[in-house]
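So you can see what is in the structure, the chains are spelled out below.
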Amino acid sequence: MSKIFRYECRRLMWNRFFFGILLILLFFGYQVLNRITILGAARTAPFSPWSLGDYACRMLPLLWAAALFFLNFFLSPAARRAAALTAFTPVSLRHYETIRLGAALTAVGVLTVLCLGEAALFCAGYFHQNPGWDLLRPALITLVPALVFALGSGWQLGQICPSAIFAWMAVPILFRLLPLPAPFSLWSGQFFSEYPLTLETLDPSLTLPGPVLLLQMLLLAAGILLLSLSYIRDRLNSSALTGGL
C-alpha cells in the first residue's frame, strides 16, 4: 500500500503540470504580497493575521483549481480506462480510491505549504518579522475547510461527470462576484479586509464571528463526509448483505 501511495504522489508531483501550477501560484502570491499585502488589510500591519488571512483568501481560487486538476489525473477518461486493469490486482478498488485521494490531498498540502512559506519569507525579508502562528491560524481557517471540500465534492462530482470538474473550478470566483450574506464573507474575499473595520480597536486580534466559524466547520465536515462517502457506502452495502444472509 505504501508503495502505491508513493507512486501516486510521484505521479502527481513529479511532472511539468505540478511545477507549472507551482510557478503560477508563487508568481501570483508574490504579486499579492508585493502590491496588496504590503499595504496591510483594513488598516492593519502587513504581517498581521488580518493581512495574511487576506493573502490566503486571495490564493484560495488557484489552490481550489489545483486540487481539482489533481483529481482529473484519476477521473479522466484515460485514467478510467487504465483503472480497469487495477480491478485484477489484489488491492480493492476502495483502497485504490483512498490512496489516490490521500495522494491528491498530499499534493495540495505541499502547494499550500509552499505558498505560506513564500508569505513567511516575504514578511521576514521586508519587515524582519516571523509571522508564525499569525500566518498559520488564518490559513487553517480559510484554506483547510475549502480545500478538503474541494477534493470531496470534486471526487463525487467527477464520478458522475469527469468534465464537470472544470466547471466546478469556477466556484470560488463565482462566489466573489455574487452578493453573498455575511457568513460567506470568507468566500467572497471580504472578511479580512472589511470585518476589522467594524471592530472598535485599531489593530484588533483575529476573531471570527460565530456564523463564519460555524460555516467553515460545516464545510470541513461536509468535505470529510464526501471523501469517505464510498467507504460508508461499501460498509452499508456489506451490512445489508450480511443482514440479508
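Predicted model, so just to flag it, every value in this text is computed and none were measured. (Residues numbered from 1 in each chain as written. Predicted model: local features only at pLDDT ≥ 70, side-chain atom pairs only at ≥ 80, totals over all residues. Heavy atoms only, no water.)

Peer 1: I would appreciate a short explanation of the overall build of the protein in the present structure.
Peer 2: Within the protein, the regular secondary structure consists of twelve helices and zero strands. Taken from N to C terminus, the helices and strands of the protein fall in the order α-α-α-α-α-α-α-α-α-α-α-α. Partitioning the contacts of the protein with sequence separation of at least 6, the portion at a separation of at least 24 is 79%. Only carbon and sulfur atoms are counted for the fraction: they give 70% of the accessible area of the protein, which is about 12900 Å². (Helix = DSSP H or I, 4+ residues; strand = E, 2+ residues; numbered from the N terminus. Contact = heavy atoms within 4.5 Å. Areas by Shrake-Rupley, 256 points an atom, 1.4 Å probe, with all protein chains shown as cover.)

Peer 1: Help me out: how do you make sense of the nonpolar core in this one?
Peer 2: It is characteristic of soluble globular proteins that their nonpolar side chains tend to be buried jointly. Counting 49 residues, the largest nonpolar core has L12, L63, F70, L71 and L111 as the members making the most contacts within it. Excluding its chain neighbours within four sequence positions, the residues that come into contact with L12 are F18, F70, F73, F74, A103, A104 and A107. Listed in part, the eight residues of the second largest apolar core include W50, C57, I141 and F192. (Core = buried A, V, L, I, M, F, W, Y, C linked by side-chain atoms within 4.5 Å. Buried < 20%, exposed > 50% of the residue type's maximum accessible area, 1.4 Å probe, protein only.)

Peer 1: Would you take a moment to explain helix α3 (residues 49-75) for this structure?
Peer 2: When the terminal C-alpha atoms of α3 are compared, their 37 Å separation across 27 residues agrees well with the 39 Å that a helix rising 1.5 Å per residue should span. Of all the bends found along α3, the most pronounced is centred on L60 and spans about 40°, while P61, a proline, follows it within four residues. A large share of α3 lies buried, amounting to 23 of its 27 residues. (Expected span 1.5 Å × (residues − 1). Bend = angle between axes of the 7 residues up to and from the residue.)

Peer 1: Sorry, what's going on with the packing of aromatic side chains here?
Peer 2: For any two aromatic rings, the description comes down to two numbers: the centre-to-centre distance and the angle of the planes. Enumeration over the complete set of coordinates arrives at 20 aromatic pairs. Measuring from ring centre to ring centre gives 5.6 Å for W14 and F19, while their planes differ by 80°; the resulting arrangement is edge-to-face. Since its relative accessible area comes to 37%, F19 is described here as partly exposed. Taking 5.6 Å as the distance between ring centres and 55° as the angle between the ring planes, the aromatic pair formed by F47 and F127 counts as tilted. In this pair, F47 sits in the loop between α2 (16-35) and α3 while F127 sits in helix α5 (residues 93-127), placing the two residues 80 residues apart along the sequence. Feature note: the residues W14, F17, F18, F19, F69, F70, F73 and F166 constitute an aromatic cluster, connected by ring pairs. (Phe/Tyr/Trp six-rings, centres within 6.5 Å; stacked < 30°, edge-to-face > 60°.)

Peer 1: Sorry if this is basic, but what is going on with the pattern of salt bridges here?
Peer 2: Opposite charge on two side chains permits pairing when their charged atoms draw close. Considering all chains together, one arrives at four salt bridges under this definition. R58 serves as the salt-bridge partner of D54, at 2.8 Å between the closest nitrogen and oxygen. One end of the pair, D54, and the other, R58, are both in helix α3, four residues apart, so they sit about a helical turn from each other. Owing to a relative accessible area of 29%, R58 belongs among the partly exposed residues under this scheme. Overlapping salt bridges bring together E8, R11 and R100 as one network. (Salt bridge = Lys/Arg side-chain N within 4 Å of Asp/Glu carboxyl O.)

Peer 1: Please explain the packing of α2 against α3 as it appears in this structure.
Peer 2: The description of two helices packed together rests on the angle between their axes and the distance between the axes. As a packed pair, α2 and α3 sit with axes 10 Å apart at the nearest point and diverge in direction by 170°. With respect to α3, the axis of α2 lies roughly antiparallel. Here F17, F18, I21, I24, L25, F28, G29, V32 and L33 of α2 come into contact with α3, specifically with Y55, R58, M59, L62, L63, A66, F69, F70 and F73. Within the contact of α2 with α3, the residues separate by chemical class into 16 nonpolar, one polar and one charged. (Axes fitted to C-alpha atoms, helices over the stretch in contact; angles between N-to-C directions. Parallel < 35°, antiparallel > 145°, perpendicular 65-115°, else oblique. Nonpolar A, V, L, I, M, F, W, Y, C, P; charged D, E, K, R; others polar.)

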